[in-house]
Amino acid sequence: MATQSTKVLFFVLFSFAICRTHAALNAHYYDQTCPQAEFIVSQTIRNASIYDPKVPARILRMFFHDCFIRGCDASVLLDSTPENEAEKDGPPNISVRAFYVIDDAKAKLEKACPHTVSCADVLAMAARDVVAMTGGPSWNVLKGRKDGRVSKANDTANLPAPFLNATGLIQAFASRGLSVKDLVTLSGGHTLGFSHCSSFVARVHNFSTLHATDPSMNTEFASLLKNKCPSTNNNGDAGQFLDSTASQFDNDYFKQIIAGKGVFGSDQAMYNDPRTRPIIEAFAKDQNMFFREFAASMIKLGNVGVNEVGEVRLNCRKPN
Ligand code: HEM
C-alpha cells in the first residue's frame, strides 16, 4: 500500500504534469512581442468575411479539424509535397477551404513582427473572431502554441464521421480530453455553414431495408433534402445549410435537431441518446447558456495536444 509521502509525491508530480501541459499558453503571450497580433488577425478575418460570407464557417471548421488531428499545431495548414500527402488533402478536408485567409493574416503578421506569431495561434484567434463577428460569444484566446512539422492525409480518418452514433462521438471527443458536454456544445458550431450532399445523402435514399429515409428525420425535411440531393446525378456543389440561420451564430441548430431537422445522422443521434439529449434541450431553451459553454469548450479545444516546443513557421503552408 502506498505510504502517505509517496501519495503526496505522486500528487505533486501529477499536478506538475497537468500544469506543464498548458504552462506556456496565456492570453498575453504576444503583449510585448507583437501587441498588434489580435488586431491584425481580426481585421483580416473581418475583411475576408465581408468579401466572402462563407469564410466564417470554413475557418471554424478548419480549427476543429486542426485540433483533432495531432493537436492544435497548424498541421491542417501544411501543403502536400511530392513525398507526402498532407491532412488538407485527406477526404474530410477536401471541403475545408479559405486557407488563403490564414495566409493573408500570417503575411501581415510577418511584416509587423517577423517570426513571432505561430500559425496555430493565428488559427485559434481566427476561430474566435469568426464566432464573435457572426453574433456569437467572444473569449480570451490563450496563445503560445508552436507549429508542427508533420501532416499526414491518412490521419484524417480519425476525424468523426457524420454517420457516427452518440457512443462513437463521445469516444472521439473523450480521446482528446473533451467531455460529453464539450461534444454537444462544440457541435453547436453547426449553427454556421453548409454541407454537401455526400455527407448526408445516405439518410434520405435507401436508408435501410425497413426505412427508405432515416426515421429520426422530420418527413418534410427529408423531402426537401431528397429534392436537393437526388440519389443519382448529384451536382457536386449541391447541399444544405446546417441550420435555418446559417450565417448567424445562434442556438437555432439545437432547435432544428429537436424538430428532427439535423442534417447529419451524428447531429440527430445526439438527440436520441439520454447522455446528450438534455444538453441539447437546455441549449435550445437558453442561448446565453450555449454561448457561455461554447466559449469555455473552445478554450478546451484549443488546448488539445498543444506543442510548447517547436517552431513558428514563416509560411503556414510549409515547415521552416
Ligand atoms: C461532432 C462531430 C462532427 C462531425 C461528424 C462533423 C461533420 C461535418 C461534416 C460532414 C460537414 C460538412 C462537410 C461538407 O460536406 O462540406 C461539417 C461542416 C461543418 N462543421 Fe462539422 N462536424 C463535427 C463537429 C464540428 C465541430 C466541433 C465544429 C466546430 C466547433 C464543426 C464546425 C463545422 C462547420 C462550421 C461546418 C460548415 C463548414 C462550411 O460551411 O464550409 N463541426 N461538419
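The rules behind each value
Residues numbered from 1 in each chain as written. Predicted model: local features only at pLDDT ≥ 70, side-chain atom pairs only at ≥ 80, totals over all residues. Heavy atoms only, no water. pLDDT = per-residue confidence, 0-100. Contact = heavy atoms within 4.5 Å. Disulfide = S-S within 2.5 Å. Helix = DSSP H or I, 4+ residues; strand = E, 2+ residues; numbered from the N terminus. Buried < 20%, exposed > 50% of the residue type's maximum accessible area, 1.4 Å probe, protein only. 1 Å grid on protein atoms, 1.4 Å probe; cavity = no way out; pocket = protein on both sides within 12 Å on 5 of 7 lines; lining within 4 Å. Points joined across faces, edges and corners; volume = space filled by probe spheres on them. Nonpolar A, V, L, I, M, F, W, Y, C, P; charged D, E, K, R; others polar. Near = heavy atom within 4 Å. Polar contact = N/O pair within 3.5 Å; in protein donor to acceptor, adjacent residues only side chain to side chain. Domains from an automatic or database assignment. Buried area = accessible area lost by both parts, 1.4 Å probe. Salt bridge = Lys/Arg side-chain N within 4 Å of Asp/Glu carboxyl O. UniProt positions renumbered as here; feature names shortened; annotations may be inferred. Donors = N, O, S within 2.8 Å, 3.2 Å for Na, K, Ca; no water. Axes fitted to C-alpha atoms, helices over the stretch in contact; angles between N-to-C directions.

Participant: Can you break down the confidence of the model for the protein residue by residue, with the values?
Facilitator: When the pLDDT values of the protein are averaged, the result is 93; 92% of them are 70 or greater. pLDDT under 50 marks residues 6-21. Its contacts with residues more than four places away, or in other chains, come to 3 contacts.

Participant: An account of the state of the cysteines is needed here, citing residue identities and associated values.
Facilitator: Counted by the stated rule, this structure contains 4 disulfides. Between cysteine 34 and cysteine 113 runs a disulfide, and the two sulfur atoms are separated by 1.8 Å. Placement of the pair is cysteine 34 in the loop between α1 (4-22) and α2 (37-51) and cysteine 113 in the loop between α4 (99-112) and α5 (119-133), with a sequence separation of 79 residues. Exposure remark for cysteine 113: the relative accessible area of 5% places this residue in the buried category. Put simply, cysteine 119 and cysteine 316 are joined by a disulfide, and their sulfur atoms are 2.1 Å apart.

Participant: Tell me what's going on with empty space enclosed by the protein, and back it up with residues and numbers.
Facilitator: Per the stated rule, a full pass over the model turns up 1 cavity of 30 Å³ or more. In this structure, the largest cavity occupies an estimated 90 Å³ of space. Around the largest cavity sit Phe63, Ala124, Trp139, Val141, Leu142, Arg145, Met298, Ile299, Gly302 and Asn303, which together line it. The residue makeup of the lining of the largest cavity, split by class, is 7 nonpolar, 2 polar and 1 charged.

Participant: Just give me the short version of the site of the ligand, but keep the residues and values in it.
Facilitator: Residues in close proximity to the ligand total 25 residues, the closest being Phe64, His190, Phe194, His196 and Ser199. Contact between the ligand and histidine 190: a nitrogen atom at 2.9 Å from a side-chain N or O atom of the residue. Those elements that provide at least two residues to the shell around the ligand are α3 (55-68), α6 (166-174), α7 (180-187) and β1 (194-196). Element by element, the count of residues in the shell around the ligand is highest for α3, at 5 residues. Residues of the shell around the ligand, tallied by class, amount to 14 nonpolar, 9 polar and 2 charged.

Participant: Provide a residue-level description of the domain arrangement of the protein, including the pertinent values.
Facilitator: Examined at the domain level, the protein breaks down into domain 1 (25-158) and domain 2 (166-300). Each of domain 1 and domain 2 has a C-alpha centre, and the two are 24 Å apart. Contact with domain 1, which involves 19 residues of that partner, is made by 16 residues of domain 2. Contact between domain 1 and domain 2 buries roughly 1,400 Å² in total, counting both sides, with carbon and sulfur atoms accounting for 75%. It is Phe68, Thr134 and Trp139 in domain 1 that bury the most area against domain 2; as a group they hold 38% of the surface buried on that side. Linking domain 1 to domain 2 there are 0 salt bridges. In this assembly, domain 1 and domain 2 are joined by 4 residue pairs in polar contact (both at pLDDT 80 or more). Among the elements of the structure, α3 and α5 are those that each provide at least two residues to the side of domain 1 that touches domain 2. The element contributing the most residues to the side of domain 1 that touches domain 2 is α3, with 6 residues. Among the residues making up the side of domain 1 that touches domain 2, the classes are represented as 12 nonpolar, 7 polar and no charged.

Participant: Can you explain the pattern of salt bridges? Please cite residues and give values.
Facilitator: Scanning the entire structure with this criterion turns up 16 salt bridges. Two residues, arginine 317 and aspartate 103, come together in a salt bridge whose shortest N-O distance is 2.6 Å. With a gap of 214 residues between them, arginine 317 in the segment after α12 (287-301) and aspartate 103 in helix α4 connect regions that are remote in the sequence. Classification of arginine 317 as partly exposed rests on a relative accessible area of 27%. Measuring nitrogen to oxygen at the nearest pair gives 2.8 Å for the salt bridge that ties glutamate 311 to arginine 149. With glutamate 311 in the segment after α12 and arginine 149 in the loop between α5 and α6, this residue pair connects regions lying 162 residues apart in the sequence. Each of Glu38, Arg128, Asp129 and Lys143 takes part in salt bridges that share partners, so that together they form one network.

Participant: If you had to explain the UniProt feature "active site" (unreviewed entry) in the protein to someone new, which residues and values would you point to?
Facilitator: According to UniProt, the feature "active site" (unreviewed entry) maps to His65 in the numbering used here. Histidine 65 sits in the buried class, given a relative accessible area of 5%. Setting aside anything within four residues of it in sequence, one finds histidine 65 in contact with Glu87, Pro92, Asn93, Val96 and Leu159.

Participant: I'd like a rundown of the coordination of the iron atom of the ligand, residues and numbers included.
Facilitator: Counting protein donors to the iron atom of the ligand gives just one, His190 (NE2), placed at 2.1 Å. Its location among the elements puts histidine 190 in the loop between α7 and β1.

Participant: Go over the packing of helix α11 (residues 277-285) against α12, please, and point to the residues and values.
Facilitator: It is the contact of α11 with α12, at a shortest axis distance of 5 Å, that shows an interaxial angle of 115°. Contact with α11, carried on its side by Ala282, Phe283 and Lys285, involves Gln287, Met289, Phe290 and Glu293 of α12 and no other residues of that element. A per-class count over the contact of α11 with α12 returns 4 nonpolar, 1 polar and 2 charged.

Participant: I'd love a proper account of the UniProt feature "binding site: heme b" (unreviewed entry) in the protein, names of residues and values included.
Facilitator: Per the UniProt entry, the sites bearing "binding site: heme b" (unreviewed entry) are His190 in this numbering. We classify histidine 190 as partly exposed; its relative accessible area is 25%. If we skip the residues at most four places from it in the chain, histidine 190 touches Leu242, Asp243, Tyr253, Phe264 and Asp267.

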